Amino acid sequence: MITKEMIKKIPKVELHYHLDGGVRPETIIELAELDNIEIPSHDPKELADWFHRGADRKSLGLYLEGFSVTCAVMQTKEAIERISREAIEDFAKENVAYAEIRFAPTLLTDKGLNLEEIVEAALRGLKAGREATGVEFGLILCAMRHESPDNSLQVAELAVSYRNKGVVAFDIAGDENGHPPKAHLAAFQYIRNRNFSITIHAGEAFGVESIWQAIQTCGAHRIGHGTRLQEDMVYKGTRIENMGSLATFVRDKRIPLEMCLSSNIQTGAAPSLDEHPFNLYYRNNFRVTLSTDNPLMSDTTLSKELELAVTYFNLTLRDLEKITINAMKSAFAPYETRLKVIYDTLKPGYAKIKSETNPNDY
Ligand SMILES: [Zn+2]
């Protein structure tokens, strides 16, 4: 029997977290009042409910609407720094040992901040959070699919210029519908030519084609979601009878899939948890990981996501350990950081839980 308390206590790794999707409702209210920004409610509970209701409409496009509210209060250096620090503090409460935080700097320029100021404010907050809590982090800069290729190239250049200063990768986010990643080929080429890292949101609102393009055309090292990779498989329950070349490639090359259960149900990427492909992938040795995506919009935490996986997919503590260590192996942080987190935090944390658990239950 795995209890909520056990799940809360185990060390965790978060690979897919949007800074503008994880802001505390109380912080949104305070920042909005400071700058006279209109928001849907000034009651934290009501405001949180507003975000959840907006997210749970079975459409990625609709899910993304809430971000205009969070981004509206993130237009100053102080706000970005505070929200970044609070994100790390919130991870510490969930016993997250390492987190990759992402956001699109081009969405935070409404009040005249330049991209460097934005990235530096976020890094200041993340580092302050790390100092206070010991949570390691990596920052991923996102370009937006609907923006121009010039914009995405600019973000790619920005990401590379902050490598070794906390930025670990480049991503492309936003609505997949009508915005294929190959439109931003110059940005991906720039990243690849500089030996930097790429993750791409794909296979969430769009099918196999979008994952194919992300990996083979754009050079993604990891895939955000990958929910619809199952369309490249013939399966019964969790038994795969046949796989296409893309699914085979993803498994053989150990390409990590950053899966986000609650978010996938809310956007309609998967119809229900029972039908979510996580278990199919996991039982067939794909490199799957579990993340929150947007704790605010999706009303979740990493502990809750692990609880869902335990409940719906019958995961054991040993499974959670494997998934967590695989997540850390898949992180974009330097190799030494990955080893340090695995050997200094993850393994000892799981060994402790194991020593307190009946061996038959592990
Ligand atoms: Zn995402």
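Residues numbered from 1 in each chain as written. Predicted model: local features only at pLDDT ≥ 70, side-chain atom pairs only at ≥ 80, totals over all residues. Heavy atoms only, no water.

This next bit is on the coordination of the zinc ion. For the zinc ion, the protein coordination sphere consists of H16 (NE2), H18 (NE2), H201 (NE2) and D293 (OD), at 2.1 to 2.4 Å. Note that the zinc ion binds four donor atoms; their angles at the metal cover 83 to 171°, and the shape is irregular. The sequence motif formed by the donor residues of the zinc ion is H-x1-H-x182-H-x91-D. In this pair, H18 is assigned in strand β1 (residues 12-18) and H201 in strand β5 (residues 198-202), connecting sequence segments 183 residues apart. The class for H18 is buried, based on a relative accessible area of 8%. (Donors = N, O, S within 2.8 Å, 3.2 Å for Na, K, Ca; no water. Tetrahedral: all angles 85-135°; square planar, octahedral: opposite > 155°, others 65-115°. Helix = DSSP H or I, 4+ residues; strand = E, 2+ residues; numbered from the N terminus. Buried < 20%, exposed > 50% of the residue type's maximum accessible area, 1.4 Å probe, protein only.)

What follows deals with the pairing of β1. Here β1 lies mainly inside the structure; seven of its seven residues are buried. One ladder, built from five bridges, connects β1 with strand β2 (residues 96-103); its direction is parallel. Among the inter-strand pairings, K12 is bridged to a residue of β2, identified as V96. (Pairing = 2+ DSSP bridges.)

Looking now at the nonpolar core. Counting residues in each nonpolar core, the largest one holds 105 residues, and the members touching the most others are I101, L139, L229, F278 and F286. Sorting elements by how many residues they give to this core places helix α7 (residues 115-133) first, with seven residues. Not counting residues within four places of it along the chain, the set of residues in contact with L229 comprises I211, L246, A247, V250, L257, Y281 and F286. By size, the runner-up hydrophobic cluster in this structure holds 12 residues, among which are L15, A97, A331 and I342. (Core = buried A, V, L, I, M, F, W, Y, C linked by side-chain atoms within 4.5 Å. Contact = heavy atoms within 4.5 Å.)

This part covers the packing of aromatic side chains. Inspection of every chain in the model, using the stated rule, returns six aromatic pairs. Ring plane angle 80° and centroid distance 5.0 Å describe the contact between W50 and F51, whose orientation is recorded as edge-to-face. Measuring from centroid to centroid gives 5.4 Å for F278 and F313, while their planes differ by 25°, and the two rings are stacked. In this pair, F278 sits in helix α13 (residues 278-283) while F313 sits in helix α15 (residues 302-313), placing the two residues 35 residues apart along the sequence. In this structure, F278 and F313 share a single accessibility class: buried. Through a chain of ring-to-ring contacts, three or more aromatic side chains come together here, namely F278, Y282 and F313. Here the guanidinium or amino end of K165 rests over the ring plane of Y162, the centre of that ring lying 5.2 Å away. (Phe/Tyr/Trp six-rings, centres within 6.5 Å; stacked < 30°, edge-to-face > 60°. Lys NZ or Arg CZ within 6 Å of the ring centre and 35° of its normal.)

Here the focus is a nonpolar patch on the surface. On the surface, Y335, L339 and Y343 cluster together into a nonpolar patch covering about 330 Å² of accessible area. Among the secondary structure elements, L339 is positioned in helix α17 (residues 335-355). Using a relative accessible area of 31% as the deciding quantity, one classes L339 as partly exposed. (Patch = residues over 30% accessible without salt bridge, like charges linked within 9 Å, V, L, I, M, F, W, Y side chains within 5 Å. Areas by Shrake-Rupley, 256 points an atom, 1.4 Å probe, with all protein chains shown as cover. Salt bridge = Lys/Arg side-chain N within 4 Å of Asp/Glu carboxyl O.)

The tally for this structure, following the rule as stated, stands at 27 salt bridges. The closest approach of N and O atoms between R102 and D171, which form a salt bridge, is 3.0 Å. Highlighted residues: R102 in strand β2 and D171 in strand β4 (residues 167-173), separated in sequence by 69 residues. Residue class for R102 comes out buried when judged on its relative accessible area of 0%. The class of D171 is buried, set by a relative accessible area of 0%. One salt bridge in this structure joins R222 and E258, with 2.7 Å as the shortest N-O distance. On the criterion of sequence distance, the pair formed by R222 in strand β6 (residues 222-225) and E258 in strand β9 (residues 257-259) is long-range, its members being 36 residues apart. Through salt bridges with shared partners, a single ionic network connects R24, E30, R82, R85, E86, E89, D90 and K93.

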